[in-house]
Amino acid sequence: MNNLILFSIGIFTAYLILLYALFKWLPSISQSYYEFKERYEKKWAWVFSVALLLFAIPIMIAGLSKTAGNTFQFLAFIAPAGIIFTAVAPRFKEDLEKDVHYRGALTGIVGAMLGILLMMQFYYIAFLGMTGIALLGWLEVKNQLYWLEVLVFYLYAISLLFY
């Protein structure tokens, strides 16, 4: 199962490197859908969805397998499911998909933090994540949402790797 997690981390990292190489720092990972659509015509907009699906689905499979019998195993489904909903509803600026996208992203972020805290019981990692989230707001870091997503997704994947 660790191979699936490493695959997910590799996909996520490669996607972030691609985003930086093409667009520099974006306000959020989701903004990359529109950047691909506008700069490379509509034919490359799918890259956002595929990257998130290739990150979330293996994480879900590995998480469900590694947490079998855990009282909070449902969080191993909820966190990646939120990311999957975000991936399949990429147009967050349009009314039809906006609610699904935002609720999926929120579910992914909150589910991941709760998974670290309750399911894996990595209290120090959860504390690190909450401290990082607080610092992002307190220090008024540029592109806060982007860094929040990156922080939480890496913390969740790495925590699951060592669970």
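Criteria and cut-off values
Residues numbered from 1 in each chain as written. Predicted model: local features only at pLDDT ≥ 70, side-chain atom pairs only at ≥ 80, totals over all residues. Heavy atoms only, no water. 1 Å grid on protein atoms, 1.4 Å probe; cavity = no way out; pocket = protein on both sides within 12 Å on 5 of 7 lines; lining within 4 Å. Points joined across faces, edges and corners; volume = space filled by probe spheres on them. Helix = DSSP H or I, 4+ residues; strand = E, 2+ residues; numbered from the N terminus. Nonpolar A, V, L, I, M, F, W, Y, C, P; charged D, E, K, R; others polar. Phe/Tyr/Trp six-rings, centres within 6.5 Å; stacked < 30°, edge-to-face > 60°. Buried < 20%, exposed > 50% of the residue type's maximum accessible area, 1.4 Å probe, protein only. Axes fitted to C-alpha atoms, helices over the stretch in contact; angles between N-to-C directions. Parallel < 35°, antiparallel > 145°, perpendicular 65-115°, else oblique. Left-handed = near helix turned anticlockwise from the far one by under 90°. Contact = heavy atoms within 4.5 Å. Salt bridge = Lys/Arg side-chain N within 4 Å of Asp/Glu carboxyl O. Expected span 1.5 Å × (residues − 1). Arc of directions from axis to C-beta.

A few words on the layout of surface pockets. As a volume, the largest pocket reaches approximately 170 Å³. As for the largest pocket, its lining consists of P27, S28, S30, Q31, F92, H101, Y102, A105, L106, I109, L145 and E149. Within the residue set of the lining of the largest pocket, elements represented by two or more residues are α5 (95–119) and α7 (144–162). Tallied by class, residues from the lining of the largest pocket come to seven nonpolar, four polar and one charged.

Moving on: the packing of aromatic side chains. All chains considered together, the criterion is met by 20 aromatic pairs. Plain terms: the ring middles of F36 and Y40 are 6.2 Å apart, the flat faces sit at 45° to each other, and that makes the pair tilted. Residue Y40 is classed as partly exposed on the basis of its relative accessible area of 31%. Arranged with centres 5.0 Å apart and planes meeting at 90°, the rings of Y146 and W147 form a pair that is edge-to-face. Assessed through its relative accessible area of 4%, Y146 is described here as buried.

The next point concerns the packing of helix α1 (residues 2–23) against helix α2 (residues 31–39). The interhelical angle for the contact between α1 and α2, taken along N-to-C directions, is 50°, at an axis separation of 12 Å. Compared by their axis directions, α1 and α2 come out oblique. In this structure, the crossing between α1 and α2 has a hand that is left-handed. Note on element contacts: α2 touches α1 through S32, E35, F36 and R39, opposite Y15, L18, L19, L22 and F23. A breakdown of the residues in the contact of α1 with α2 according to their chemical character gives six nonpolar, one polar and two charged.

As a further point, take the pattern of salt bridges. Enumeration over the complete set of coordinates arrives at four salt bridges. The salt bridge involving R39 is made with E35; its shortest N-O contact spans 3.0 Å. Of the two residues, R39 and E35 are both situated in helix α2; the distance of four residues between them amounts to about one turn of the helix. The buried category is assigned to E35, whose relative accessible area is 11%. Members of the salt-bridge network, linked through shared partners, are R91, E94 and E97.

In this model helix α6 (residues 123–138) runs 22 Å from its N-terminal to its C-terminal C-alpha over 16 residues, within 8% of the 22 Å that 1.5 Å per residue would give. Those residues of α6 that sit buried are I125, A126, G129, G132 and L136. Taken end-on, α6 shows its buried residues confined to a sector of 125°, consistent with a single buried face. Every exposed residue of α6 that faces more than 90 degrees away from the buried side is listed here: Y124, F127 and W138. Packing partners of the buried residues in α6 comprise α5 and α7. Taken from the residues just after α6, E140 is the one with a positive phi, measuring 50°.

Now for unusual backbone geometry. Here the phi dihedral of E140 falls at roughly 50°; this positive angle occurs in a residue that is not glycine. Note on placement: E140 falls in the loop between α6 and α7. Despite not being glycine, N143 shows a phi value in the positive range, around 60°. As for its position among the elements, N143 is in the loop between α6 and α7.

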